[in-house]
Each structure stands twice: as C-alpha cells, then as structure tokens.
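# Examination of the molecular architecture
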Amino acid sequence: MLFRLISTLFTLLLSCHSIADTAEKQSGSGAVASPDQYGAAVAEQILRRGGNAVDAAIATAFTLAVTYPEAGNIGGGGFMTLWFDGKAYFLDYRETAPAAAHRDMYLDSEKQVIENLSLIGHKASGVPGTVMGLWQAHQRFGSLPWAELVKPAVHYAQSGFTVAENQYQYRADLLNQLEGKTNFADYFGTMQAGKNFRQPELAATLSRIAEHGPADFYLGETAKLLVGQMQRGGGLISMADLAGYKAGWREPVVTSWHDFQLVTTAPPSSGGIALSQLLGLKQRRAADFNGVTLNSAQYVHLMAEIAKRVYADRADYLGDPDFTTVPQQQLLDSAYLDKRAAEINPKKISVTNAIQAGLEGYHTTHFSVLDKHGNAVSNTYTLNLDYGSGVIVEGAGFLLNNEMDDFSAKAGVPNAFGVVGSDANAIAPGKRMLSSMTPSLLVKDGKVELVIGTPGGSTIFTSIFQVITNLYDFGLPLSEAVAAPRFHHQLLPKDQISMEPYAPLAAEVQTELKARGYNLVTQGWSLGDIQAIQSTGGKVTAIADPRSRGVAKVFSY
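Residues numbered from 1 in each chain as written. Predicted model: local features only at pLDDT ≥ 70, side-chain atom pairs only at ≥ 80, totals over all residues. Heavy atoms only, no water.

- Identification of the chain as Glutathione hydrolase proenzyme from Rheinheimera lutimaris is taken from an unreviewed UniProt entry.
- A UniProt comment under Sequence similarities (unreviewed entry) is attached to the chain, and it reads "Belongs to the gamma-glutamyltransferase family."
- Word for word, the UniProt comment on the chain under Subunit (unreviewed entry) is "This enzyme consists of two polypeptide chains, which are synthesized in precursor form from a single polypeptide." (UniProt positions renumbered as here; feature names shortened; annotations may be inferred.)

What follows is the structure, encoded as structure tokens:
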C-alpha cells in the first residue's frame, strides 16, 4: 500500500515541480531540499504521514542510497546536525579504519605513496557507519516505525528508478578508470540515462535492514557478505570491525555570528571549526569589504587571504578527537581570531610558505529537512569520491567507500582533494578520518532560520561560507545566493584560485587576479550542490542548487 501511495504521489508532484527548483510558503510548513527528485518526494511523503524531520531524513538517506548511488549510501558514513525541540545535536557516523590498518599502509618500500591504493579497490574502504548512524538518530528522535522508513528505498531498488542525465557527474570515465580493478561494471555498467535501473541484491539487503535494523548490517547476513567481499579482494574489514563499530553523539560546535548562533559539526569534521573561523575572520576584516563588489577581484583576494589561514590550521591541528587532542577552544577563541585576522594582507598575496598553523606549541551528498514544528535536520554523508572505491559487495548490491584516502597517507602529501594533513590525521586502527563535511544550521531567538550543506570535498565549507555571506552580508535572496558564482582557495596549491564551469568569475576579474599573481584553474565540475532551507519573516523557502538535479519542496500538511 505504501509503495502505491508513493508512486501516485510522484506522478502528481513531478508534474508540477521542476528540477533544481525554488519553493516558498508560509512558516509552519514542511520543507526539503534534496539532491534528487526521489529523495525529495519520499521526505514529503514521510512528513505528510505524521513523521518528523528525523523520520524524513532517515527515509531520504536510505532512498538516496538507491537513487543517488554515486554518493548516497549504506556503505559509507557521515554527519547529521539537528535541531529538535529547541535543542542542538550532532551525530557522528563517520567511517573508522579497520583494526588491520596501519600508518604506512599506502606507502611503498621507499616510503612513497602508492598511487590510487587509498582510492580504488578493497583496501580503500573504512568501516561503514551510515546504517548505525541512521539507527541511532531513529532511536533518539524517530516517531514512525523503522521499517516504514526503509520501505521506500526497498521499492526503488526492486522496481527501479529513472537514471539521470548527469548520474556520472564527476567521473564520466569511471568505467574506464575501474576496468579490471573492481567489479563496478558488473553492477553499474548497464546504467543509462533515461532508462529504468533496478538493483535486486540491494533490495534484499534493505529488506533485511528494514526487518532487523543494524544487527543485519553489522552482525548478520549483510556483514558476512561484506567481509566475504573483503577477503576475496584483499581488503581489511573484518567481522570484528563491523561488530565493534559505534556511531556517537558529540557536542556540536556552536558559535555566535551577527545575530545568529551557528550550529555546526565538531571533529572529526574539520568543517564546523573551519566555517566558524571563516565567518569570524571575515567579520573582523569587515572594513576591508566596505564598498567591495561581490566576486570582484578584490573580494576574491580577501576571501583567499582568509581561507589560507583556515586551511593552515586544518592541516596541523584537526583529526579524530578520540585519538588526538584537538585545540577547538583555542582555534575559536576571540583573541586568536583577532591575531589571525591581523595577519591578512588586503593588498597583496601573502607568501604561502610564511603561513603556518597559528597556535603555539570527492563526492558526497547533502539534504536538508524542516518539519512544521521547527525541527530541522542537516545531513551530509558520503562514499568520498563518486561511487566510492568502485567495489560492490557481491550478493548485497551496495558500494563501499574510499574514505581511507581522507587520512594523511603521509604527512604533507596531498590527498585526492589536494589538501594536506599532519600526524593528527595519520592512519590508526579504529580511528575516524578527518572530514570537511559541514551540515549546518543558523538559529535565531531559539528558532532555525537556515538549514544548509553541500558536497564538494575540501570545498564544502568555503562553498557554505560564500552562500551565507551572499545571503546575509550582501542581502541576496536565497535563490540568488545559491546560484551566484563560487570559487575556492585552500592554501595549496600555491596561489591557486579554483573556479567552476557553471558560473566562472567575470573575464575582467580573472584578468585582474592573474595580474595580482594568482593562478586560475577552472575545474571540470561545479563547486558544491547546496541544499538549503530558510525560514524567516513568516516565510519558508527551499532551494536546490541549480548546478545539479536537486529538487526543493515547501508544503503545508
């Protein structure tokens, strides 16, 4: 019966909502911004059936594991930032390194990094956290039965979904990259845009999870299938690793910014501290921005100067707080941010080698949900690069992550996103790898005003930072704030500004930046896929980034 209701709902909804759309209604409504149409429709259905924002988020996450396989997952992990009954929460369900992992596992006999070993194949995967994370969220805040929240995903795996035009958004040549290295083509080689795509093995796995919860994934039949796949391919994840996995509730990072409280991620995500620093440093250099046009050469320069300091701190100090001491309070201390802000050169490029950590001593998906009671979920989860390690668990039908690349395979050596790390993020058994995922909320007077997040690897928190700045410092409406051009600088590569094909910087701005000494690179993909909900002035607005195939909905129920 539920499946028929969902199918009927899709027919009605998809006829009147366009992809990458904008939705507005009065406050007290429910809202969702999802990276695809299926996740959005399921979230609406769950809210209409009496579920809360957490119920809708769980159902959306499982649905995207089917319809958005390049990033939605049960073989990866992530973070969830919540506002529920007037309180902030943060759930860490990041993957962990297997017990057999060790510091130098991706180095050759000469201590050099072995190309692609942390990205492709069985040894690239950490212990998945998504199923346990969603279960923990349900145990604490869920109101509808667990099985009902998994059923829409089972439906899409059994009956299929229509493949999107840009389903291979970031690695169009993925089949060639993985040929002979993984079993990816056996499962996804026939996926074609505009065609129905079924995943019967995944449907059976999701049915077991619906019935038995995480016990199946971490102890039961699915666990056995996963470990069997590891053994066939020389991977490291064992039954003991799965049985010992835990998702954890941590204190969110909460900082003041303008009239808001920013509620965001804590380590092992670097994103919350980084976003807080970016906003704090820009606020301290407000005089430099007076009269500066959005996305002008001077604006880009000032933002790059700010980002340099944040990425230097990220590289040296941030990692899994269960394994390393993260100086969170010091990094967010007002006096420290004053000191870092004073280092910024508003006229010239600061010398990269002179920028050190300041204290003494690719593919992901995001969705946002708001219910009519004001509860909100900002959830980002990932396989790392699109389609993860390229390894599918045979008999279970799901992709495994390549999150081990988010560790520092060797201190100072860049990972797939070009960011470097230190011993704080070195590989160790049971350790969670550092992340840039930054699902975030802005809260004012005890009510959520903004729910926001994006994929994008190391560009995640700079993308969110720019949208928040566009929205509140430049007064753009949410649709324009999200659609505006975005750029990125992360200290290394030296003096490089990354642009996107969707909305590059103006030609005259590029010319001036080059004259100042910046190296401009237009990468082959867009900077992020923002999914945002704003509730302000009695109006709720939801935006799906026009860069991709997302759908936003606001509805009374």
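Moving on from the model shown.
## Let's talk about the overall build of the chain
- Looking only at helices and strands, the chain features 19 helices and 18 strands.
- For 557 residues, the compact-globule estimate of 2.2 N^0.38 gives 24 Å, and the chain sits close to it at 22 Å.
- Counting only C-alpha atoms and orienting by the principal axes, one finds that the chain spans roughly 65 × 60 × 40 Å.
- A total of about 19200 Å² of accessible surface is found on the chain, and carbon and sulfur atoms cover 50% of it.
- Where the 44 positive side-chain charges of the chain centre and where its 52 negative ones centre are 2 Å apart. (Helix = DSSP H or I, 4+ residues; strand = E, 2+ residues; numbered from the N terminus. Rg over C-alpha atoms; globule rule 2.2 N^0.38 Å. Areas by Shrake-Rupley, 256 points an atom, 1.4 Å probe, with all protein chains shown as cover. Lys, Arg positive; Asp, Glu negative; His and termini not counted. Charge placed at Lys NZ, Arg CZ, Asp CG, Glu CD.)

## With respect to the UniProt feature "active site" (unreviewed entry) in the chain
- Here, UniProt's "active site" (unreviewed entry) annotation points to T364.
- Checked against the element boundaries, T364 lands in strand β10 (residues 363-370).
- Note on T364: relative accessible area 4%, which makes it buried.
- Non-local contacts of T364, meaning those with residues more than four positions away in its chain, are made with A71, T380, Y381, T382, N384, M437, P455 and G456.
- Here T382 takes part through its side chain, which lies 2.8 Å from a polar atom of the side chain of T364. (Buried < 20%, exposed > 50% of the residue type's maximum accessible area, 1.4 Å probe, protein only. Contact = heavy atoms within 4.5 Å. Polar contact = N/O pair within 3.5 Å; in protein donor to acceptor, adjacent residues only side chain to side chain.)

## Digging into unusual backbone geometry
- For the bond from P267 to P268, the omega torsion is 20°, close enough to zero to count as cis.
- In this structure, P268 sits in the loop between β9 (260-264) and α12 (271-284).
- Even without being glycine, N384 reaches a positive phi, approximately 85°.
- Assignment of secondary structure puts N384 in strand β11 (residues 376-384).
- Positive phi outside glycine occurs at Y387, with the angle close to 65°.

## Here's the deal with the environment of Q330
- On the secondary structure map, Q330 appears in helix α15 (residues 328-332).
- Residue classification places Q330 among the partly exposed positions, given a relative accessible area of 42%.
- Residues Q330 and Q136, 194 residues apart in the sequence, show an inter-C-alpha distance of 31 Å.

## What about the environment of K494?
- Here K494 shows up in the loop between α18 (478-483) and β14 (496-499).
- Given the relative accessible area of 53%, K494 is considered exposed.
- With 36 residues separating them in the primary sequence, K494 and S458 have C-alpha atoms 15 Å apart.
- A distance of 2.7 Å separates polar atoms of two side chains, one belonging to K494 and the other to D495.

## Topic: the pattern of salt bridges
- Tallied over the full model, the rule gives 26 salt bridges.
- One salt bridge connects R432 with D92, and the closest N-O pair in it is separated by 3.5 Å. Just as R432 is buried, D92 falls in that class too.
- Note that D216 and R208 form a salt bridge whose closest N and O atoms lie 3.3 Å from each other.
- Residue classification places R208 among the buried residues on the basis of a relative accessible area of 18%.
- Here the residues in one salt-bridge network are E305, R309, D313, K339, R340 and E343, joined through shared partners. (Salt bridge = Lys/Arg side-chain N within 4 Å of Asp/Glu carboxyl O.)

## A closer look at the pairing of strand β15 (residues 519-522)
- Across four bridges, the pairing between β14 and β15 is parallel. Pairing of S498 across the sheet is with V521, part of β15.
- Considered for its hand, the β-α-β crossover made up of β14, helix α19 (residues 507-516) and β15 is right-handed. (Pairing = 2+ DSSP bridges. Right-handed = clockwise from strand over helix to strand, strands pointing away.)

## Brief notes about the sheet that holds strand β7 (residues 248-250)
- Pairing is antiparallel in the open sheet, where seven strands are placed in the order β7-β4-β3-β11-β10-β2-β18. Of all the strands in the sheet, just β7 and β18 (551-555) have a single pairing partner and so form its edges. In this sheet, adjacent strand axes meet at a mean angle of 15° when their direction is disregarded.
- For strand β3 (residues 77-84) and strand β4 (residues 87-93), the ladder comprises seven bridges, and the chain directions are antiparallel. Considered in β4, the bridge of G78 is made with Y93.
- Strand contacts of helix α3 (residues 53-67): β2 (30-34), β3, β10 and β11, with the helix running at about 20° to β11, the strand carrying the most contacts.
- Along the sheet face, helix α4 (residues 130-141) touches β3, β4, β7 and β11 and points at about 155° away from the line of β4. (Axes fitted to C-alpha atoms, helices over the stretch in contact; angles between N-to-C directions.)

## Quick look at the side chain of T459
- For T459, the position within the fold is in the loop between β13 (447-452) and α17 (460-472).
- Those residues in contact with T459 that lie beyond four places of it in its chain are Y311, H488 and L527.

## Describing the nonpolar core
- The biggest cluster of nonpolar side chains holds 82 residues, and the ones touching the most others in it are F62, I74, L206, L226 and F398.
- A total of 11 residues in this core trace back to one element, the largest contributor, which is α3. (Core = buried A, V, L, I, M, F, W, Y, C linked by side-chain atoms within 4.5 Å.)

## Observations regarding the pairing of strand β16 (residues 531-536)
- Direction of pairing for β13 relative to β16: antiparallel, over a ladder of two bridges. The partner of V451 across the bridge, within β16, is I533.
- Across six bridges, the pairing between β16 and strand β17 (residues 539-544) is antiparallel. Its bridge partner being in β17, I533 is matched across the sheet by A542.

## Thoughts on the packing of aromatic side chains
- As enumerated under the stated definition, the model contains 26 aromatic pairs in all.
- Where F84 meets F141, the ring centres are 4.6 Å apart and the plane angle is 35°; that geometry is what we call tilted. Separated by 57 residues along the polypeptide, F84 in strand β3 and F141 in helix α4 bring together distant segments of the chain.
- Through successive ring pairs, a cluster of aromatic residues spans Y38, Y156, F161, F184, F188, F197 and Y387.
- A cation sits over an aromatic face here: R140 above W249, 4.7 Å from the ring centre.
- A cation sits over an aromatic face here: K282 above F289, 4.3 Å from the ring centre. (Phe/Tyr/Trp six-rings, centres within 6.5 Å; stacked < 30°, edge-to-face > 60°. Lys NZ or Arg CZ within 6 Å of the ring centre and 35° of its normal.)

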